[in-house]
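Inside the fold
Listed below are the residues making up each chain.
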Amino acid sequence: MSGDARVRVRCPQCGPRTVGLSAIELVAADAGGVNYRFGCPNCGKRVVASADRDVQRTLARNRVEVVVPSLKEELAELESQPGVQEGPTPS
Ligand SMILES: [Zn+2]
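Criteria and cut-off values
- Residues numbered from 1 in each chain as written.
- Predicted model: local features only at pLDDT ≥ 70, side-chain atom pairs only at ≥ 80, totals over all residues.
- Helix = DSSP H or I, 4+ residues; strand = E, 2+ residues; numbered from the N terminus.
- Contact = placed C-beta atoms within 7 Å.
- Core = buried A, V, L, I, M, F, W, Y, C linked by C-beta atoms within 7 Å.
- Buried ≥ 20, exposed ≤ 12 C-beta atoms within 10 Å, placed from the backbone.
- pLDDT = per-residue confidence, 0-100.
- Pairing = 2+ DSSP bridges.

1. Section: the overall build of the protein chain
Counting its secondary structure elements, the protein chain contains two helices and six strands. Starting at the N terminus, the α and β elements of the protein chain follow one another as β-β-β-β-β-α-β-α. A sequence separation of at least 24 residues applies to 45% of the contacts in the protein chain between residues at least 6 apart.

2. Focus: the nonpolar core
In terms of nonpolar packing, the biggest core is built from nine residues, these being Val-7, Val-9, Val-19, Ile-24, Tyr-36, Phe-38, Ala-51, Val-55 and Leu-59. The contacts of Val-7, once residues within four sequence positions are left out, are Thr-18, Val-19, Leu-21, Ile-24, Val-55, Thr-58 and Leu-59.

3. Overview of the confidence of the model for the protein chain
Chain-level statistics for the protein chain give a pLDDT mean of 77 and a share of 71% at 70 or above. For the protein chain, per-element mean pLDDT is lowest for strand E6 (residues 66-68), which scores 62, and highest for strand E2 (residues 15-20), which scores 89.

4. Remarks on the environment of Ala-5
Along the polypeptide, Ala-5 turns up in the segment before strand E1 (6-11). When the C-alpha atoms of Ala-5 and Leu-21 are compared, they prove to be 5.5 Å apart, with 16 residues separating the residues in sequence. Look past the residues within four positions of Ala-5 in its chain and what remains in contact with it is Leu-21, Thr-58 and Asn-62.

5. Quick word on the environment of Arg-10
Topologically, Arg-10 is positioned in strand E1. Judged by local crowding, Arg-10 falls into the partly exposed class, with 15 C-beta atoms found within 10 Å. For the pair Arg-10 and Ala-49, spaced 39 residues apart in the sequence, the C-alpha separation amounts to 7.8 Å. Among residues more than four places away in sequence, those in contact with Arg-10 are Gly-15, Pro-16 and Ala-49.

6. Side note on the pairing of E2
Judged from the six bridges that link them, E1 and E2 form a sheet pairing that is antiparallel. Its bridge partner lying in E2, Val-9 is registered against Arg-17. Here E1 folds back onto E2 in antiparallel fashion, the turn holding three residues.

7. Describing the environment of Cys-14
Here Cys-14 lies in the loop between E1 and E2. Overall, the presence of 14 C-beta atoms within 10 Å leaves Cys-14 in the partly exposed class. In the structure, Cys-14 is positioned 26 residues away from Cys-40 in sequence and 8.4 Å away in space, judged by C-alpha atoms. The residues contacting Cys-14, other than those within four sequence positions of it, are Cys-40, Asn-42 and Cys-43.

8. Side note on the pairing of strand E4 (residues 34-39)
Across five bridges, strand E3 (residues 24-28) lies against E4 in antiparallel orientation. Across the sheet, residue Glu-25 finds its bridge partner in E4, namely Arg-37. Bridge count between E4 and strand E5 (residues 46-50): five bridges; the pairing is antiparallel. Of the residues in E5, the one forming a bridge with Gly-39 is Arg-46. The antiparallel hairpin formed by E4 and E5 contains six residues in its connecting segment, where Gly-44 sits at a positive phi of about 80°.

Here is the structure:
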């Protein structure tokens with residue numbers, strides 16, 4: 001083992017699974033909770049689930065950081081990207 005901690009997660013299709021920490025991303029949830037996402041090693045599906053205490057503790061212990069502040073911010077970022085520029089308004 002490379003020291004990569006294993007975390008018990010749950011795939012909606014396959015049920016409980018164990019995946020390596022490096023396969024998990026933490027995502028902040030709107031309600032102040034934490035979600036995580038991972039690629040299921042069994043079906044390959046990308047799963048997003050809310051992290052229960054066990055998962056949170058394991059991730060915190062291994063200093064996994066929340067990589068995405070929130071979906072809202074992701075969206076805000078998309079919206080604030082320079083797209084169509086308004087021309088200078090003639091005065
Ligand atoms: Zn699965």
